[in-house]
Every structure is written in C-alpha cells, then in structure tokens.
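Chain and residue survey
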Amino acid sequence: MAGGLLAMTVCLLLWACSFEGYKFNGASIDYTKTKTIQINDFPIRSAYVWSPMGPIFNNKLRDLFVTQTKLTQVKRNADLKIEGEITRYDQRNKSVSADGYSAQTELTMTVNVRFTNNVNHSQDFERQFTASTTYDTTQSLSSVQEELVTQMSNDIADQIFNATMANW
C-alpha cells in the first residue's frame, strides 16, 4: 500500500513538473511566456561545400526542437529566434601510420549561431559550435560523408539546444 502511494506521488510530481513547462531533458521553458520559435535555414559559408550538409543540419536542428519542446515553429516574429551559418567544413590528417601515410582523417564542422530571446534579451548570444569525427583513410570521404555529417549535425544540434533551452 505504501509503495503504491509512493509511486503515485512520484508520478504526480513528474506530471506537475512537465505541466509547468520543465522537462528532464535539460530544457527549462516557461510556456506561459514563451510559445514560439523561429529557426532559419543555416546556409553553408565554408570554403569546402558538400551540398547535402545544409539540409541535413537544418532538419536535425528543427527536429530536435519539435521533439524536445512544445514550442510552435513559425516563420517570423517568434519569441525565440535561432539563425546563423555553417562556417567551417574541412578535413585534415589526424594520425600517420608506421609507413608514413595518413591512417586517420578528422572531419570538422563549425556552425555560427545567433540566438535572440525576445522574452528575455539578457539570454541573447552569438557563439560558434563545433563537432569533429574521424574515419580511416582506407575509406573514401564520399563513402562515409553522409553518416559523419549526420553524427556531427546531431552533436551540434544538441549543443545548440542545450545553450538555448537550458542556458548551459
């Protein structure tokens, strides 16, 4: 009986926290004041361009906010606004094998973000977010590029979400 009462109390507390707009995913949003978000497309402004990178990143970022918040995405005049550009996408040799050839290559992606909180402008910022991953040089970039860009896009989207929604 006491165990059931405890379980019911925990469930009620979790529901109350979620109802007030606070979630256990790191987001702390007061939905009575903040209802909308505008996420603009991030164009690619890096020297090296792989054209699918833009849509992959833009979709990952939007999807994260759709699945992790109750904010309505709008085209303009939002309570929160996220915009920016992909400023860096490049690769470099990461390690060299015993025979002197490259063994691993590091792929890096950097995104510049401007965040505007029209409810509380003290939280506005402009910041860069970066993710890197490595792959064996025995593989061609074209054979692993989509998977690696998806991984880096997920990582950067998570960084942006935490910086904007959890004030980390």
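The following paragraphs examine the structure supplied in this document. All values derive from a computational prediction rather than experimental measurement.

1. With respect to the overall build of the chain
Looking only at helices and strands, the chain features three helices and five strands. Helices (α) and strands (β) of the chain occur, in sequence order from the N terminus, as α-β-α-β-β-β-β-α. Considering the chain as a whole, with its 168 residues, one finds that 36% of them fall into the buried category. If you take every contact in the chain between residues at least 6 apart in sequence, the share linking residues at least 24 apart comes to 68%. Of the roughly 9700 Å² of accessible surface on the chain, 53% is carried by carbon and sulfur atoms.

2. A look at the packing of aromatic side chains
Scanning the model with the defined rule gives five aromatic pairs in all. Between Phe125 and Phe129 the ring centres are 6.4 Å apart and the planes differ by 65 degrees, which places this aromatic pair in the edge-to-face class. Comparing Phe125 with Phe129, the two get one shared label, buried. Among the aromatic side chains, those forming a connected cluster through ring pairs are Phe115, Phe125 and Phe129. Here the basic side chain of Arg127 rests over the ring of Phe125, its NZ or CZ set 4.1 Å away from the ring centre.

3. Section: the nonpolar core
In terms of nonpolar packing, the biggest core is built from 37 residues, with Phe57, Leu61, Ile82 and Met109 touching the most fellow members. Sorting the residues of this core by element identifies β1 (36-39), α2 (53-68), β3 (80-96), β4 (102-117), β5 (125-136) and α3 (141-165) as the ones contributing at least two each. Here this core takes 11 residues from α3, the largest share from any one element. Leu61 has contacts with Ile39, Phe42, Ile82, Ala157 and Ile160, leaving out every residue within four places of it along the chain.

4. With respect to the sheet that holds β1
Spatially, β2-β1-β3-β4-β5 is the arrangement adopted by the five strands of the open sheet, whose pairing is mixed. Each edge of the sheet is formed by a strand with only one pairing partner; in this case those strands are β2 (72-73) and β5. Summarising the sheet, β4 and β5 pair through 12 bridges and their orientation is antiparallel. Counted as the bridge partner of Gln104 is Asp136 from β5. Helix-sheet contacts for α2 involve β1, β2, β3 and β4, and the interaxial angle to β3 is about 125 degrees.

5. Quick word on the environment of Ser142
Relative to the assigned elements, Ser142 resides in helix α3. Placed 92 residues apart in sequence, Ser142 and Trp50 show a C-alpha to C-alpha distance of 9.9 Å. In terms of polar contacts, Ser142 uses its side chain to reach the side chain of Ser140, at 3.2 Å.

6. Some points on the side chain of Thr110
Inspection of the secondary structure assignment puts Thr110 in strand β4. A polar contact is formed between the side chain of Thr110 and the side chain of Thr130, at a distance of 3.0 Å. Apart from residues lying up to four places away in sequence, Thr110 is in contact with Glu85, Ile86, Thr87, Arg88, Gln128, Phe129 and Thr130.

7. Digging into the pattern of salt bridges
With the rule as written, the count across this model stands at seven salt bridges. Glu85 is paired through a salt bridge with Arg114; the nearest N and O atoms lie 3.0 Å apart. Of this pair, Glu85 sits in strand β3 while Arg114 is found in strand β4, placing the two residues 29 residues apart along the sequence. Through salt bridges with shared partners, a single ionic network connects Glu85, Arg114 and Glu126.

Reading the values: the criteria
- Residues numbered from 1 in each chain as written.
- Predicted model: local features only at pLDDT ≥ 70, side-chain atom pairs only at ≥ 80, totals over all residues.
- Heavy atoms only, no water.
- Helix = DSSP H or I, 4+ residues; strand = E, 2+ residues; numbered from the N terminus.
- Buried < 20%, exposed > 50% of the residue type's maximum accessible area, 1.4 Å probe, protein only.
- Contact = heavy atoms within 4.5 Å.
- Areas by Shrake-Rupley, 256 points an atom, 1.4 Å probe, with all protein chains shown as cover.
- Phe/Tyr/Trp six-rings, centres within 6.5 Å; stacked < 30°, edge-to-face > 60°.
- Lys NZ or Arg CZ within 6 Å of the ring centre and 35° of its normal.
- Core = buried A, V, L, I, M, F, W, Y, C linked by side-chain atoms within 4.5 Å.
- Pairing = 2+ DSSP bridges.
- Axes fitted to C-alpha atoms, helices over the stretch in contact; angles between N-to-C directions.
- Polar contact = N/O pair within 3.5 Å; in protein donor to acceptor, adjacent residues only side chain to side chain.
- Salt bridge = Lys/Arg side-chain N within 4 Å of Asp/Glu carboxyl O.

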